[in-house]
Amino acid sequence: MMNQDVIIKVIELLGTFAFAISGIRHAAAKHFDWFGGYVCGIAVAIGGGTIRDVILDVPIFWMTTPIYMICTAVALLTVAFLSKWMEPLKNAWFVFDTFGLALFTIAGIQRSLDAGQAFWVAIIMGCITGAAGGVIRDVLLNNEPVIFHKEIYAMACVVGGLAYWGGIELGVPVGITAVVSFVVTCLIRFLAVRYHISLPILQGEEKSDGD
Amino acid sequence: MMNQDVIIKVIELLGTFAFAISGIRHAAAKHFDWFGGYVCGIAVAIGGGTIRDVILDVPIFWMTTPIYMICTAVALLTVAFLSKWMEPLKNAWFVFDTFGLALFTIAGIQRSLDAGQAFWVAIIMGCITGAAGGVIRDVLLNNEPVIFHKEIYAMACVVGGLAYWGGIELGVPVGITAVVSFVVTCLIRFLAVRYHISLPILQGEEKSDGD
Amino acid sequence: MMNQDVIIKVIELLGTFAFAISGIRHAAAKHFDWFGGYVCGIAVAIGGGTIRDVILDVPIFWMTTPIYMICTAVALLTVAFLSKWMEPLKNAWFVFDTFGLALFTIAGIQRSLDAGQAFWVAIIMGCITGAAGGVIRDVLLNNEPVIFHKEIYAMACVVGGLAYWGGIELGVPVGITAVVSFVVTCLIRFLAVRYHISLPILQGEEKSDGD
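Residues numbered from 1 in each chain as written. Chains lettered and ligands numbered in written order. Predicted model: local features only at pLDDT ≥ 70, side-chain atom pairs only at ≥ 80, totals over all residues. Heavy atoms only, no water.

## Focus on the overall build of chain A
When helices and strands are counted, chain A shows seven helices and zero strands. Ordering the α and β elements of chain A from the N terminus gives α-α-α-α-α-α-α. Taken over the C-alpha trace, chain A has a radius of gyration of 17 Å; the compact-globule value for 211 residues is 17 Å, and the two agree within 12%. The C-alpha extent of chain A, read off along each of the three principal axes, is 55 × 50 × 35 Å. In chain A, which comprises 211 residues, the share counted as buried stands at 52%. Considering only contacts in chain A between residues 6 or more positions apart, those separated by 24 or more positions represent 72%. Carbon together with sulfur atoms contributes 69% to the accessible area of chain A, which is approximately 9200 Å² in total. Charge separation in chain A, taken as the distance between the mean sites of 12 positive and 16 negative side-chain charges, equals 9 Å. (Helix = DSSP H or I, 4+ residues; strand = E, 2+ residues; numbered from the N terminus. Rg over C-alpha atoms; globule rule 2.2 N^0.38 Å. Buried < 20%, exposed > 50% of the residue type's maximum accessible area, 1.4 Å probe, protein only. Contact = heavy atoms within 4.5 Å. Areas by Shrake-Rupley, 256 points an atom, 1.4 Å probe, with all protein chains shown as cover. Lys, Arg positive; Asp, Glu negative; His and termini not counted. Charge placed at Lys NZ, Arg CZ, Asp CG, Glu CD.)

## A short note on the interface of chain B and chain A
At the junction of the two partners, chain B supplies 34 residues and chain A supplies 34 residues. Carbon and sulfur atoms make up 66% of the area that chain B and chain A hide from each other, which totals about 2900 Å². Looking at the side of chain B facing chain A, the largest losses of area belong to Asp33(B), Phe35(B) and Met63(B), adding up to 23% of the total buried there. Where chain B packs against chain A, one counts one salt bridge. We note a salt bridge from Glu144(A) to Lys30(B), for which the minimum N-O separation is 3.2 Å. Applying the counting rule to chain B against chain A returns six residue pairs in polar contact (both at pLDDT 80 or more). For the side of chain B that touches chain A, the secondary structure elements donating two or more residues are α1 (4–29), α2 (34–56), α3 (67–86) and α5 (119–140) of chain B. A per-element tally of the side of chain B that touches chain A places α2(B) first, with seven residues. Among the residues making up the side of chain B that touches chain A, the classes are represented as 19 nonpolar, eight polar and seven charged. (Buried area = accessible area lost by both parts, 1.4 Å probe. Salt bridge = Lys/Arg side-chain N within 4 Å of Asp/Glu carboxyl O. Polar contact = N/O pair within 3.5 Å; in protein donor to acceptor, adjacent residues only side chain to side chain. Nonpolar A, V, L, I, M, F, W, Y, C, P; charged D, E, K, R; others polar.)

## Observations regarding the pattern of salt bridges
Residue and element names in this part refer to chain A. Evaluation of the coordinates by the stated rule reveals 15 salt bridges over all chains. The residue Arg111 makes a salt bridge to Asp53 at a minimum N-O spacing of 2.8 Å. One end of the pair, Arg111, is in helix α4 (residues 90–114); the other, Asp53, is in helix α2 (residues 34–56), with 58 residues separating them in the sequence. Assessed through its relative accessible area of 27%, Arg111 is described here as partly exposed. Asp53 sits in the buried class, given a relative accessible area of 0%. Within the structure, one salt-bridge network assembled from shared partners comprises Arg52, Asp53 and Arg111.

## Notes on the relation of the copies chain B and chain A
The transform that puts chain B on chain A rotates by 120° and translates by 0.0 Å along the axis, for an RMSD of 0.0 Å. The operation mapping one copy onto its partner corresponds to a three-fold rotation axis. Interface overlap between copies is the fraction of interface residues in one copy that are interface residues in the other; for chain B against chain A it is only 15%, indicating separate surfaces. (Least-squares fit on C-alpha atoms with pLDDT ≥ 70 in both.)

## Notes on the nonpolar core
The biggest cluster of nonpolar side chains holds 85 residues, and the ones touching the most others in it are Trp62(A), Trp62(B) and Trp62(C). Counting residues in hydrophobic clusters, the runner-up holds 80 residues, among them Cys157(A), Ala27(B), Phe32(B) and Phe19(C). (Core = buried A, V, L, I, M, F, W, Y, C linked by side-chain atoms within 4.5 Å.)

## Thoughts on the UniProt feature "domain: Glycine transporter" (unreviewed entry) in chain A
According to UniProt, the feature "domain: Glycine transporter" (unreviewed entry) maps to residues 10–82 and 95–165 of chain A in the numbering used here. Between the end C-alpha atoms of residues 95–165 of chain A the distance is 25 Å, and the span holds 76% helix and 0% strand. (UniProt positions renumbered as here; feature names shortened; annotations may be inferred.)

## Quick look at the packing of aromatic side chains
A full pass over the atoms with the stated rule returns 33 aromatic pairs over all chains. Ring geometry for Phe148(A) against Phe35(B): centres 6.2 Å apart, planes inclined by 50°, an arrangement best described as tilted. With Phe148(A) in the loop between α5 (119–140) and α6 (154–169) and Phe35(B) in helix α2, this residue pair bridges two chains. Residue Phe148(A) shares its accessibility class with Phe35(B), and that shared class is buried. Consider the rings of Trp93(C) and Phe96(C), whose centres lie 6.1 Å apart with planes at 65°: the pair is edge-to-face. Of this pair, Trp93(C) and Phe96(C) are both found in helix α4 (residues 90–114), three residues apart, which corresponds to roughly one turn of the helix. A network of ring pairs unites the aromatic residues Phe17(A), Trp93(A) and Phe96(A) as a single cluster. The ring centre of Tyr195(A) lies 5.1 Å from the NZ or CZ of Arg194(A), which sits over that ring. (Phe/Tyr/Trp six-rings, centres within 6.5 Å; stacked < 30°, edge-to-face > 60°. Lys NZ or Arg CZ within 6 Å of the ring centre and 35° of its normal.)

## Some details on the interface of chain C and chain A
Between chain C and chain A, the residue contacts involve 34 residues of the former and 34 residues of the latter. For the chain C and chain A pair, buried surface summed over both sides reaches about 2900 Å², with 66% attributable to carbon and sulfur atoms. Connecting chain C to chain A are one salt bridge. On the surface where chain C and chain A come into contact, there are six residue pairs in polar contact (both at pLDDT 80 or more). Counting only elements with at least two residues in the side of chain C that touches chain A, the list comes to α2 (34–56), α5 (119–140) and α6 (154–169) of chain C. Of the residues forming the side of chain C that touches chain A, the biggest block, seven residues, is contributed by α5(C). Partitioning the side of chain C that touches chain A into residue classes produces 19 nonpolar, seven polar and eight charged.

## Observations concerning the relation of the copies chain C and chain A
When chain C is fitted to chain A, the residual RMSD is 0.0 Å, and the transformation amounts to a turn of 120° plus an axial shift of 0.0 Å. The overlap is low: 15% of the interface residues of chain C also sit at the interface in chain A, so different surfaces are used on the two sides.

## What about the environment of Met86(A)?
Relative to the helices and strands, Met86(A) is located in helix α3 (residues 67–86). Residue contacts for Met86(A): discarding those within four places in its chain leaves Ile21(A), Arg25(A), Thr78(A), Val79(A) and Trp93(A).

## Quick word on the side chain of Thr105(C)
Within the secondary structure, Thr105(C) sits in helix α4. In this structure Thr105(C) touches Gly126(C), Gly130(C) and Cys157(C), once residues within four positions along its chain are discounted.

## Structural notes on α1(B)
The end-to-end C-alpha separation of α1(B) is 37 Å, in line with the 38 Å expected for 26 residues at 1.5 Å each. Directly beyond the C-terminal end of α1(B), a positive phi value near 60° is found at His31(B). (Expected span 1.5 Å × (residues − 1).)

## Description of a nonpolar patch on the surface
Nonpolar side chains collect at one region of the surface, where Val179(A), Val183(A), Leu187(A), Leu191(A), Tyr195(A) and Ile197(A) lie side by side and expose about 550 Å² of accessible area between them. Inspection of the secondary structure assignment puts Leu187(A) in helix α7 (residues 174–194). (Patch = residues over 30% accessible without salt bridge, like charges linked within 9 Å, V, L, I, M, F, W, Y side chains within 5 Å.)

## Some remarks on unusual backbone geometry
Residue and element names in this part refer to chain A. Positive phi, close to 60°, is recorded for Asp57, a residue that is not glycine. Looking at where Asp57 falls in the secondary structure, it is placed in the loop between α2 and α3. With a phi close to 65°, Asn142 is a non-glycine residue in the positive phi region. Counting through the fold element by element, Asn142 comes out in the loop between α5 and α6. For Asn142, a relative accessible area of 19% translates into the label buried.

Laid out in C-alpha cells, this is it:
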C-alpha cells in the first residue's frame, strides 16, 4: 500500500514536470534554444518557491536535491523529441499543472507557517509559490504575464489558501485540511477553464504621458 | 496636536496609496484583470522596499503588518469604481506620489544605516526603495521602464540622499536632516516635471548583432 | 613581477568594465538617459553576482567596496563621450567580456563551494554569476534575452564549471584547475562566436491559447 508521503512526492514530481513542460513549450513557441528552454522550464518549476524562500529567509528548497533539475531536463528532452506525441496528452498536462498548482500552494503555506509567519502572509506565499514561476516565464519570454488577464489562476491559490486557513481555525486535522484545500484549488481552476470564468477586467485609457 | 510620528505615518500611507494607484492605473491601461491590477499595485507599493530588505538581509518590512495589502486593496477599489472621479485629482496623485518617493527614499536610507551599511550603499538603497517598484511594474506590463527615459525621477532620490548624507556629516540633527532631504527630493521632482527637465539621452545605434 | 592576485584583480576589473559597457551600449541603442544607462550597466556588471549571493544567503559582494559602482560610472562616461573611438575596439570589448564571463563563473563556483554547497549547485551559481546579468539587462530593455537564442554563451560557463569540478575531483591543485576552467570557458565562447555555433533551437507553434 502506498502511504501518504509517496502520494505527495509523486504529485509534486508530476506537478514540477508539468510546470517545466509549460515553460519549455512557451520557450519553444519563441524558438529559444535548448538552454533558453531549460531556463524557462526551471523558472516555472522552481521560480515561485525560490522567491518564497528568499523572502522568508529560509534555505532555498531546490538546493538540497538535484531532483528538480533532473525533472526539468527530462521535460526538456520530452519537448525536444516527443512534442508530436504531446498534443493528444494536452488534457493530461493541464491536469498535472493544476495538481502542481494546488500542491505548490499548500507547500508554500506550510513552509511559511513553519517559518513563524502569520496566516495572511502564508496565503500570499502560497500564491507566490504556485503562480510566480509563470510570471517569471512570461517576463523572460517578453510577454505580458498571462495570469493577469486570463482565466482565474492565482485566485484559485488564494481561495485554496483561505480554505486551509478556515480548516486550521476550525480545528480540522491538518491532513484533512490539506486535502480540502487541494480539492478547492483544483476545482476552481478546472471550473474557471471549463466555463471561461475570468475576473473583471480593469478599464483604463492607454497611457502615453509617463507617470 | 499631531506629533511627528503621526505625520510620517500619514505621509507613508498616502505615498503607498499613490504608488499603488500608479501601478493599478497602468495595469488598467493594459486591460489587466483585478488580480493583475492588484499585483501591479503591490509591486509599485512594496517592490522597492522588498528588494532593499532582501539585499540588506533584514526582515521584509511588509510582513509585520497587513496595512500595505489593505491600502493596495482600497486603491484597487478606487480605480475600479471611482476612476471617473480620479481624473480631476490627477495633480493630487502626483503630489502624493512625490511625497511617497521622498519618504520612501529616506526610509530606505535610515533602514540601511541601521543595518550598518556605508552611506553610499544607503543612498543606493534609498533610490531602490523609491524607484525600483515602478521598474518592476513596467517589467510586468511589458513596457520599457519609464524612469529610464523621462523626467528626472530616480536622480531626485540620489540628490535627496546626498543631502541627507551632507546633513549627518555636518552634525545637523537627524530630524532636520530628514526634512531637508525630503524637501530637496520633492523640489527636484516637481521642478523636473514642471520644466520637463531630463537627463541627457545616450546616443547609440540599433543593435541587431546580439552582444 | 606581478603576482597572481593582481592578475585576477585586473581581469575582474576589465571584466566588470566590459560587462558594464555591454549594458550601457544596449541602453544607448534604446535611447535611455544616463540614469537608465547606468542602471543597465550596473545590472550586467553586478546583477548575476547579486542573485547568487541572495540565493546563497551570504553578504552581497558589491556592498563592501564602491569599486564596481565607480567602474560602471567610468564605463558610462566612456560610452557617453568616447563612443566614436569604441567601434575600432569592438574586438577588445569582446575579449574582455569573455574574460569577465570566465572569471565571474569561477568566482561564483568558488563562493558557492565556500558557502558549503554541492558542486552541481556551484556550477549553476557560476553560470548565474556569469550570465544572469545580461538577462536582467534584456528584461529591463524589454528585449527577449539574447543568450536564449544566439551563440553559445551560458553553456560555456557550464562546461567551464564541469572542467573545474573534474580538476578538483582528480586532485589537481586549485590554481591550475582555475586556469584550465578559465581557458575552457573562453575557448568555447571564442569558437562559438567565430564559427557561429549555437545550441539546437526548440521547435514549437505560436501559442495563442494562454497556458
